[in-house]
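A closer look at the structure
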Amino acid sequence: MTNLSDLNFDEMSLAEFEQYLPDFFATYNGRISDNPQFATFLQANPDCAALVRDLEYIAETAKSLFEPTEEPSDAVWSNIQSKLNSVTSDSDDPTETEPPPLAEA
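Residues numbered from 1 in each chain as written. Predicted model: local features only at pLDDT ≥ 70, side-chain atom pairs only at ≥ 80, totals over all residues. Heavy atoms only, no water.

**Examining the confidence of the model for the protein**
On average, residues of the protein score 83 in pLDDT, and 82% of them are at 70 or above. Within the protein, the element-level pLDDT minimum falls on helix H5 (residues 94-97), averaging 55, and the maximum on helix H2 (residues 39-44), averaging 94. (pLDDT = per-residue confidence, 0-100. Helix = DSSP H or I, 4+ residues; strand = E, 2+ residues; numbered from the N terminus.)

Here is the structure:
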């Protein structure tokens, strides 16, 4: 395997780029498009640049799926509980569920 530091990024072939793309992502923390080492190559190969942008977007989106989400505050849970209690106590009132008497003609 070629050491990535031995590659001439400016004169890299498409085959080399394809071969080492997973290594590039691993070595450069998934950010190739802003790495100045790749600027010349990506400018000369717009299809590769588009592929890199797509892969970076996919990687960022996938990573965000595993980030912890913030739990609602105690005030939110309290408000939900009070609304549930309110709905429960309203449904216990029989006058609320009975239809109004029919008017006689």
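Back to the text.
**Details of helix H3 (residues 46-65)**
For H3, built from 20 residues, the straight-helix expectation of 28 Å at 1.5 Å per residue is met to within 8% by its first-to-last C-alpha distance of 29 Å. Packing partners of the buried residues in H3 comprise helix H1 (14-27) and H2. (Expected span 1.5 Å × (residues − 1). Contact = heavy atoms within 4.5 Å.)

**What about the side chain of Glu56?**
Within the secondary structure layout, Glu56 lies in helix H3. Here Glu56 falls in the buried class, since its relative accessible area comes to 3%. (Buried < 20%, exposed > 50% of the residue type's maximum accessible area, 1.4 Å probe, protein only.)

**Overview of unusual backbone geometry**
Negative phi values dominate among residues other than glycine, just as trans dominates among peptide bonds. You will see that Asn29, though not glycine, has its phi angle at about 55°, which is positive. Within the secondary structure, Asn29 is located in the loop between H1 and H2.

**Details of the nonpolar core**
One finds Met12, Phe17, Leu21, Phe24, Ile32, Phe38 and Leu42 to be the most contacted residues of the largest nonpolar core, which totals 16 residues. Secondary-structure elements contributing two or more residues to this core are H1, H2 and H3. In terms of residue count, H1 provides more of this core than any other element does, 5 residues in total. In this structure, Phe38 is in contact with Phe9, Met12, Phe24, Tyr28 and Ile32, ignoring residues within four places of it in sequence. (Core = buried A, V, L, I, M, F, W, Y, C linked by side-chain atoms within 4.5 Å.)

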